[in-house]
Amino acid sequence: MSGEGNDNIPRNMRDIKGLLKFCIENTKSEDASGPSVFSPMDEERKKWLVEALMSMTESPQKRMLELIEILIGQVEDSKVSAIEELTEWCEDIDLASDFFKMGGLQIIPTLLNNERGKLRASVCELVAVLVQNNPTCQQVPNIAVIHTSIVDKHYV
C-alpha cells in the first residue's frame, strides 16, 4: 500500500503486536492528561470490541493453508505473491515448522519445475528461509533432495 501513495489506510494486522501498535497509533489523540476513570463496559460495546479484534487478526496457520491451496491451483499469476507471503510467514521458526507439518514441502518440487524464473527464484528463497537456523526443518528427509534438485537443474 505504500506504493499507492496513501499511507493512512490501515494494513491487515497479522498478529497481536501489530494490532496493539495500530491501536496505540490511532488513539494518541484520545490519551487523557488527567487521571483515568474506569467504568464497566456495557454488553453492546464489549460485543463490538470483540468483533473488531477478531476481524483485525488472522490465524497464521489458516492463512498459510490458504496460500498452499493457491500454489496447488492452476492460476499462475497469483503464485509468486503467495510464495512471497509464505516466505514472510515462515521467517518465524515455529511457522516454518508448521509449514512442513501442513505438507507444504510436497508442493516445492513441482514449483521448482515451473517455467517462470521469478516463481522458481521465489521458491528457492522460501526453501532458504525454511531451513535457515531451523534444525527441525533441516532434518526433514526430502529437503536434501530439494537442495540437490535446485543445484542440479540451475547451476550444472
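The rules behind these values
- Residues numbered from 1 in each chain as written.
- Predicted model: local features only at pLDDT ≥ 70, side-chain atom pairs only at ≥ 80, totals over all residues.
- Heavy atoms only, no water.
- Helix = DSSP H or I, 4+ residues; strand = E, 2+ residues; numbered from the N terminus.
- Buried < 20%, exposed > 50% of the residue type's maximum accessible area, 1.4 Å probe, protein only.
- Areas by Shrake-Rupley, 256 points an atom, 1.4 Å probe, with all protein chains shown as cover.
- Phe/Tyr/Trp six-rings, centres within 6.5 Å; stacked < 30°, edge-to-face > 60°.

Colleague: Would you mind going over the overall build of the protein chain with me for this structure?
Modeller: Of regular secondary structure, the protein chain possesses 9 helices and 0 strands. Ordered by position from N to C terminus, the α and β elements of the protein chain give α-α-α-α-α-α-α-α-α. Within the protein chain, buried positions represent 28% of all 156 residues. Working note: accessible area of the protein chain is about 11,100 Å², and carbon and sulfur atoms make up 54% of it.

Colleague: Whenever I open this one, the packing of aromatic side chains confuses me. Can you help?
Modeller: Each aromatic ring pair is summarised here by two numbers: the centre-to-centre distance and the angle between the ring planes. Across all of its chains, the model carries 1 aromatic pair by this definition. Here the aromatic rings of Phe99 and Phe100 are separated by 6.2 Å at their centres, their planes lie at 75°, and the arrangement is edge-to-face. Phe100 sits in the buried class, given a relative accessible area of 13%.

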